[in-house]
Amino acid sequence: MSKTKINDINRNIYDIKNKDEYDFKIKKGLTKDIIEEISKQKNDPEWMKEFRLKALEVYNQLELPTWGPDISELNMEEIATYVRPKTSLNNSWDDVPEDIKSTFDKLGIPDAEKTSLAGVGAQYDSEVVYHSMKEELIKQGVIYTDMETAVREYPDLVKKHFMKCVPIYDHKFVALHGAVWSGGSFVYVPKGVKVDIPLQSYFRLNSPESGQFEHTLIIVDEGASLHFIEGCSAPKYNKVNLHAGCVELYVKENAYLRYSTIENWSKNMLNLNTKKAIVEKNAQVDWVTGSFGSKISMLYPMSILNGEGAKTEYTGISFAGEGQNLDTGFKVVHNSPNTSSVVNSKSISKNGGKCTYRSLVRINETATHSKSSVSCESLMLDDISISDTIPVNDIRTDEVEFSHEAKIGKISDKTIFYLMSRGLSEEDAKAMIVRGFAYPISKELPVEYAVEMNNLINLELEGAIG
Amino acid sequence: METIRVNETPVRTSRNFLINNVKLDSNILPEKIENFENVSIIGETSKIKIEKEINNCSLTYGLGDILTSQVDEKANQKLKLQVEGKTNQDIQISFELDEDNPNLIDMIDITAKENTKATIIIKYETNKAVQAFHNGIIKVLAEKNAELKVIIVNNTNLMSNHFISIENMIHENAKVDYTMIDFGGKNSITNYYSNLVGKNADNHINTIYLGRENQFFDLNYIGELRGEKSNINIEVQGALKDNAKKNFKGTIDFKKGCKKATGNENEACLLLSEQAKSLALPMLLCSEEEVEGNHSSSAGKVGDKELFYIMSRGFEKKEAMKLLVRAKFNNIIDTIKNDDLKTEILDEIEERLD
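Residues numbered from 1 in each chain as written. Chains lettered and ligands numbered in written order. Predicted model: local features only at pLDDT ≥ 70, side-chain atom pairs only at ≥ 80, totals over all residues. Heavy atoms only, no water.

**Student:** What should I look at first to understand the overall build of chain A in this one?
**Tutor:** On a plain count of helices and strands, chain A comes out with 11 helices and 27 strands. At 22 Å, chain A has a C-alpha radius of gyration in line with the 23 Å of a compact globule built from 466 residues. If you line up chain A on its principal axes, its C-alpha atoms span 70 × 55 × 45 Å. Looking at chain A as a whole, 64% of its 466 residues qualify as buried. Summarising the internal contacts of chain A: among those between residues at least 6 apart in sequence, 85% fall at separations of at least 24. Positive and negative charge centroids in chain A, built from 54 and 67 side chains respectively, lie 1 Å apart. (Helix = DSSP H or I, 4+ residues; strand = E, 2+ residues; numbered from the N terminus. Rg over C-alpha atoms; globule rule 2.2 N^0.38 Å. Buried < 20%, exposed > 50% of the residue type's maximum accessible area, 1.4 Å probe, protein only. Contact = heavy atoms within 4.5 Å. Lys, Arg positive; Asp, Glu negative; His and termini not counted. Charge placed at Lys NZ, Arg CZ, Asp CG, Glu CD.)

**Student:** Whenever I open this one, the domain arrangement of chain A confuses me. Can you help?
**Tutor:** Taken domain by domain, chain A holds domain 1 (13-412) and domain 2 (413-466). One C-alpha centre belongs to domain 1 of chain A, the other to domain 2 of chain A, and the line joining them spans 29 Å. (Domains from an automatic or database assignment.)

**Student:** In this structure, what is going on with the nonpolar core? I would like to understand it.
**Tutor:** In a soluble, globular protein the nonpolar side chains are often hidden away together inside. Leu226(A), Ile138(B), Tyr178(B) and Phe254(B) are the most contacted members of the largest nonpolar core, which totals 103 residues. Other than its neighbours up to four places away in sequence, Ile138(B) contacts Ile108(B), Ile110(B), Ile122(B), Tyr124(B), Ile152(B), Ile164(B), Ser165(B), Ile166(B), Glu167(B) and Tyr178(B). (Core = buried A, V, L, I, M, F, W, Y, C linked by side-chain atoms within 4.5 Å.)

**Student:** Help me understand the environment of Lys159(A) in this model?
**Tutor:** Residues and elements named next belong to chain A. Inspection of the secondary structure assignment puts lysine 159 in helix 7 (residues 155-161). Looking at lysine 159, the relative accessible area reads 42%, which means it is partly exposed. Taking the C-alpha atoms as reference points, lysine 159 and phenylalanine 402, separated by 243 residues in sequence, lie 37 Å from one another. Apart from residues no more than four positions distant in its own chain, lysine 159 is found in contact with Trp47 and Lys164.

**Student:** Please clarify how the interface of chain A and chain B should be interpreted in this entry.
**Tutor:** Reports of interface size often rely on the accessible area that becomes lost once the parts have come together. Across the contact, 42 residues belong to chain A and 41 residues belong to chain B. Along the contact surface separating chain A from chain B lie 20 residue pairs in polar contact (both at pLDDT 80 or more). Counting residues per element, the ones that place at least two in the side of chain A that touches chain B are strand 23 (354-363), strand 25 (386-395) and strand 26 (400-409) of chain A. Residues of the side of chain A that touches chain B, tallied by class, amount to 14 nonpolar, 12 polar and 16 charged. Note that strand 25 of chain A and strand 19 (residues 277-286) of chain B share 6 bridges and pair antiparallel. Across the sheet, residue Asp388(A) finds its bridge partner in strand 19 of chain B, namely Leu285(B). (Polar contact = N/O pair within 3.5 Å; in protein donor to acceptor, adjacent residues only side chain to side chain. Nonpolar A, V, L, I, M, F, W, Y, C, P; charged D, E, K, R; others polar. Pairing = 2+ DSSP bridges.)

**Student:** How should I be thinking about the pattern of salt bridges in this particular structure?
**Tutor:** All names here are of chain B. A full pass over the atoms with the stated rule returns 41 salt bridges over all chains. Salt-bridge contacts for lysine 259 lead to glutamate 288; the nearest nitrogen and oxygen are separated by 3.0 Å. Pair noted here: lysine 259 is in the loop between strand 17 (245-254) and strand 18 (262-271) and glutamate 288 is in the loop between strand 19 and strand 20 (292-300), with a separation of 29 residues, a long-range link. Measuring nitrogen to oxygen at the nearest pair gives 3.4 Å for the salt bridge that ties aspartate 304 to lysine 301. One network of salt bridges, with partners in common, ties together Lys318, Glu319, Lys322, Arg326, Glu350 and Asp354. (Salt bridge = Lys/Arg side-chain N within 4 Å of Asp/Glu carboxyl O.)

**Student:** In this structure, what is going on with the pairing of strand 20 of chain B? I would like to understand it.
**Tutor:** Along any regular strand the residues' side chains alternate between the sheet's two faces. As paired strands, strand 26 of chain A and strand 20 of chain B are joined by 9 bridges and run antiparallel to one another. When the bridges of strand 20 of chain B are listed, Gly409(A) appears paired with Glu292(B). Relative to strand 20 of chain B, strand 18 of chain B runs parallel, the two being bridged by 9 bridges. Within strand 20 of chain B, the residue paired with Cys269(B) across the bridge is Ala299(B).

**Student:** Which parts of the structure should I look at to understand the packing of aromatic side chains?
**Tutor:** Aromatic ring pairs are reported here in terms of the distance separating the ring centres and the angle at which the planes meet. Residue and element names in this part refer to chain A. Applying the stated rule across the entire model yields 22 aromatic pairs over all chains. Pairwise contacts between aromatic rings join Trp93, Phe104, Tyr124, Tyr130 and Tyr202 into one cluster. In this structure, lysine 42 packs its charged tip against the face of tryptophan 181, placed 5.9 Å from the ring centre. Note that lysine 346 overlies the ring of phenylalanine 437, its terminal NZ or CZ placed 4.7 Å from the centroid. (Phe/Tyr/Trp six-rings, centres within 6.5 Å; stacked < 30°, edge-to-face > 60°. Lys NZ or Arg CZ within 6 Å of the ring centre and 35° of its normal.)

**Student:** Help me understand the confidence of the model for chain A in this model?
**Tutor:** One rule of thumb: low pLDDT means the predicted coordinates there are not for detailed reading. Looking at chain A, the pLDDT average stands at 88 and 92% of residues meet or exceed 70. Confidence over residues 459-466 of chain A falls short of pLDDT 50; this stretch has 30 contacts with residues more than four positions distant or in other chains. (pLDDT = per-residue confidence, 0-100.)

**Student:** Is there a simple way to think about the layout of surface pockets in this case?
**Tutor:** To locate leftover empty space, one rolls a probe as large as a water molecule over the atoms. Taken as a whole, the largest pocket encloses approximately 720 Å³ of empty space. Lining the largest pocket are 28 residues, with Trp67(A), Asp170(A), His171(A), Ser14(B) and Asn16(B) sitting closest to its centre. Contributing elements (two or more residues each) for the lining of the largest pocket: helix 8 (172-180), strand 16 (274-279), strand 21 (325-334) and strand 23 of chain A. Roughly 620 Å³ of internal volume is contained in the second largest pocket. Taken together, 22 residues make up the lining of the second largest pocket; nearest its centre are Gly409(A), Lys410(A), Ile411(A), Ser412(A) and Glu292(B). Elements supplying a minimum of two residues to the lining of the second largest pocket: strand 24 (370-380), strand 26, helix 9 (413-421) and helix 10 (426-442) of chain A together with strand 20 of chain B. Taken together, the residues of the lining of the second largest pocket break down into 7 nonpolar, 7 polar and 8 charged. (1 Å grid on protein atoms, 1.4 Å probe; cavity = no way out; pocket = protein on both sides within 12 Å on 5 of 7 lines; lining within 4 Å. Points joined across faces, edges and corners; volume = space filled by probe spheres on them.)

**Student:** Just checking my understanding: could you explain the side chain of Asp286(A) for this structure?
**Tutor:** Residue and element names in this part refer to chain A. With respect to the helices and strands, aspartate 286 occurs in strand 17 (residues 284-291). With no salt bridge to any partner, buried aspartate 286 finds its closest opposite charge in arginine 258, at an N-O distance of 4.2 Å. Among the polar contacts made by the side chain of aspartate 286, one reaches the main-chain amide nitrogen of glutamate 313 at a distance of 3.4 Å. Leaving out residues up to four positions away in the same chain, aspartate 286 has contacts with Tyr256, Leu257, Arg258, Tyr259, Thr312 and Glu313.

**Student:** Help me understand the confidence of the model for chain B, please; the structure alone is not making it clear to me.
**Tutor:** Residues of chain B with pLDDT of at least 70 account for 100%, and the chain-wide mean is 94. At the level of chain-chain contacts, confidence expressed as ipTM amounts to 0.91, with global pTM at 0.91.

**Student:** Please clarify how the environment of Ser94(B) should be interpreted in this entry.
**Tutor:** Residues and elements named next belong to chain B. The residue serine 94 is located in strand 6 (residues 86-97) in this model. On the basis of relative accessibility, which here comes to 15%, the residue serine 94 falls in the buried class. With 53 residues separating them along the chain, serine 94 and isoleucine 41 place their C-alpha atoms 6.5 Å apart. Apart from residues no more than four positions distant in its own chain, serine 94 is found in contact with Asn38, Val39, Ser40 and Lys123. A polar side-chain atom of serine 94 sits 3.4 Å from a polar atom in the side chain of glutamine 92.

**Student:** What is the right way to read unusual backbone geometry from this model?
**Tutor:** Residues and elements named next belong to chain A. Its identity as a non-glycine residue notwithstanding, asparagine 254 has a phi of 60°, on the positive side. Looking at the secondary structure, you find asparagine 254 in the loop between strand 13 (246-251) and strand 14 (256-264). At histidine 369, a position not held by glycine, the phi torsion is positive, near 60°.

**Student:** Looking at this structure, how should I read the pairing of strand 8 (residues 117-126) of chain B?
**Tutor:** Residue and element names in this part refer to chain B. The buried fraction of strand 8 amounts to 8 of the 10 residues, a majority that puts the element mostly inside the structure. Two elements, strand 8 and strand 10 (residues 147-155), share 9 bridges in a ladder whose sense is parallel. Within the sheet, the bridge partner assigned to alanine 118 lies in strand 10 and is leucine 148.

Rendered as structure tokens:
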């Protein structure tokens with residue numbers, strides 16, 4: 001019988017390797033001297049240097065997680081935590097060195113900037129190499145710049161918010177991030193300003209046996225709105241690379257933020273990223289996440305609904321193929337009355353890949369009349385893959401509506417039969433079901449990413465599903 | 001204060017989620033275990049062979065080393081039941097903990113031989129005044145085509161501690177049903193594990209819990225499906241008053257080879273006070289493609305609309321509330337065919353909801 005095959009993601013574009021050329025690469029390992037050297041190289045103000053050293057102390061005190069995927073292969077003695085590319089920050093692509101520009105060209109970033117983005121930041125290894133934003137947003141007072149510039153030019157704003165939403169004590173890799181962070185984006189949208197066209201930052205790690213630790217800090221002030229897109233990729237090397245970025249989002253009263261991520265790291269990457277949002281009165285943060293790459297991911301964006309009437313939605317899809325262990329999910333804490341959260345998660349496992357949905361919904365005593373609804377579905381495409389669902393639902397008051405549903409299984413024979421009775425071939429029926437499964441997520445993505453995702457879930461008509 | 005860690009989940013999640021295990025004051029363990037005399041066995045025993053010696057207490061999961069070894073080393077009641085035929089009559093084992101028998105450490109081993117059928121009721125009760133301690137293990141082996149129903153009623157008082165570990169091995173075409181009525185204990189901690197090894201092995205667990213004052217329930221149910229077309233159904237309905245708190249940890253684990261297996265898990269918690277707390281971890285683990293697994297979990301108070309509807313029929317709010325809670329429990333209570341026991345349970349629910 002002819003069977004359907006779901007291809008692995010075509011990584012040709014992402015696997016382009018440039019020569020490992022850099023202006024400065026810190027020696028491997030993690031010591032006080034190394035942190036001081038990074039701080040010196042980055043020309044940190046004194047407070048940031050002290051902060052880094054404190055974070056290193058905390059890193060050394062904290063234990064590795066006792067749950068989730070096995071990350072014992074990570075040896076910080078083998079990782080260079082800071083690699084400065086051979087260019088400084090530019091605001092014209094013409095000034096970016098040819099090999100780096102060519103990489104971003106192939107990833108489609110400059111084209112997307114022309115057609116569908118209001119601003120772009122591009123990071124290569126540890127530093128942002130390009131940053132630009134449309135003139136009209138600058139006039140409206142929107143700030144979109146690299147984190148280093150923000151530390152220098154907006155010290156009060158940065159000091160007030162930097163690693164306050166995600167404290168260095170949260171877990172070991174947040175502490176690591178605090179010690180070695182470099183690059184990333186800073187966005188401030190002033191009160192009442194609606195940024196209708198998305199801003200996008202793209203993070204590219206080229207250097208082998210290194211890490212990327214970008215810090216993204218976004219403040220959407222009262223009544224303002226923003227759609228921010230984050231993309232990331234790296235070529236594959238034989239040894240482990242590490243990504244331990246940190247995203248802090250502050251969504252003030254009546255503000256709206258949509259944070260979309262397409263994560264497509266190479267399959268030697270350990271992606272131990274941390275993302276958190278603090279959402280104030282009547283504000284909303286929506287997370288849209290597609291996790292396709294990396295060898296191991298541990299990624300659980302979190303919304304803290306602090307203000308009355310605050311809302312959050314999480315829409316996520318994971319696609320784990322051979323050798324991948326994607327442990328992803330969402331955390332939400334309801335702290336105020338009339339808050340609401342909606343979670344819609346999907347995962348597809350194939351060729352021995354493992355997808356885990358791990359989550360927390362906590363509705364505290366103070367969050368009366370709050371609502372939360374969680375739905376997660378997992379699709380298994382063969383009998384060598386693994387799919388787990390590990391949700392925690394912590395309800396601490398009675399005036400709430402909470403529901404959680406999860407399903408796991410293969411493509412339903414009945415559904416295939418139904419579609420075939422309508423004239424579709426078995427292969428087309430299966431293809432339609434897989435696309436339909438992913439559709440609720442892909443429709444939330446910007447159109448160019450939805451197309452990319454559909455390409456990623458590319459169906460061929462000869463081969464084998466199940 | 002020294003603590004003991006019990007009832008670990010089969011898969012850990014973040015420590016900050018406060019659900020991987022339970023920490024209890026080690027003082028709850030009695031220093032001395034005396035003999036236990038208050039046990040009665042009634043009902044049709046002609047097809048069930050009963051012995052008082054068991055040697056093996058080993059468990060795949062259980063509540064943890066300390067509590068498992070306590071049963072292994074200090075059990076003051078051991079019962080080995082072998083079901084050898086089909087019987088429609090129940091057999092009822094009752095343990096009554098009182099001032100003279102405050103500590104019960106029991107081990108019950110049940111084997112349902114091929115093509116047999118039986119219902120076994122196990123009751124744990126305390127009188128009102130005693131501060132009792134119960135730690136027990138129930139092991140069940142259901143051989144090919146056996147049909148076994150086990151009803152466990154925990155009606156210990158609010159000063160007592162109740163610990164129970166249950167382990168089932170279910171073979172081809174065997175069917176094991178549990179109904180667990182969990183009213184009691186200051187701490188009521190249950191570890192339940194089923195290993196569905198046989199083709200078409202079937203396991204249903206229906207649980208009711210009803211907590212009040214400062215009661216704490218920790219229910220850790222694990223079902224591993226290995227046999228083709230095996231099935232597990234977990235249905236847990238509970239209500240919490242006052243400051244009561246409940247952890248529900250349910251794991252359905254589809255192991256490689258359990259083709260066409262199904263697993264369903266439904267957990268619902270009614271919160272009857274602002275201080276009551278519900279923590280749930282309904283896990284689905286899957287290493288086999290051709291299976292169907294579902295879980296659902298909900299928590300909240302009694303619906304205003306339903307309450308209003310019943311009150312519009314002339315009931316007072318308190319009565320309407322009681323009716324709605326009982327309605328949630330009815331499907332499970334109806335699985336009990338023994339009318340006396342059913343009445344006893346309904347009366348107890350009535351009293352506890354007052």
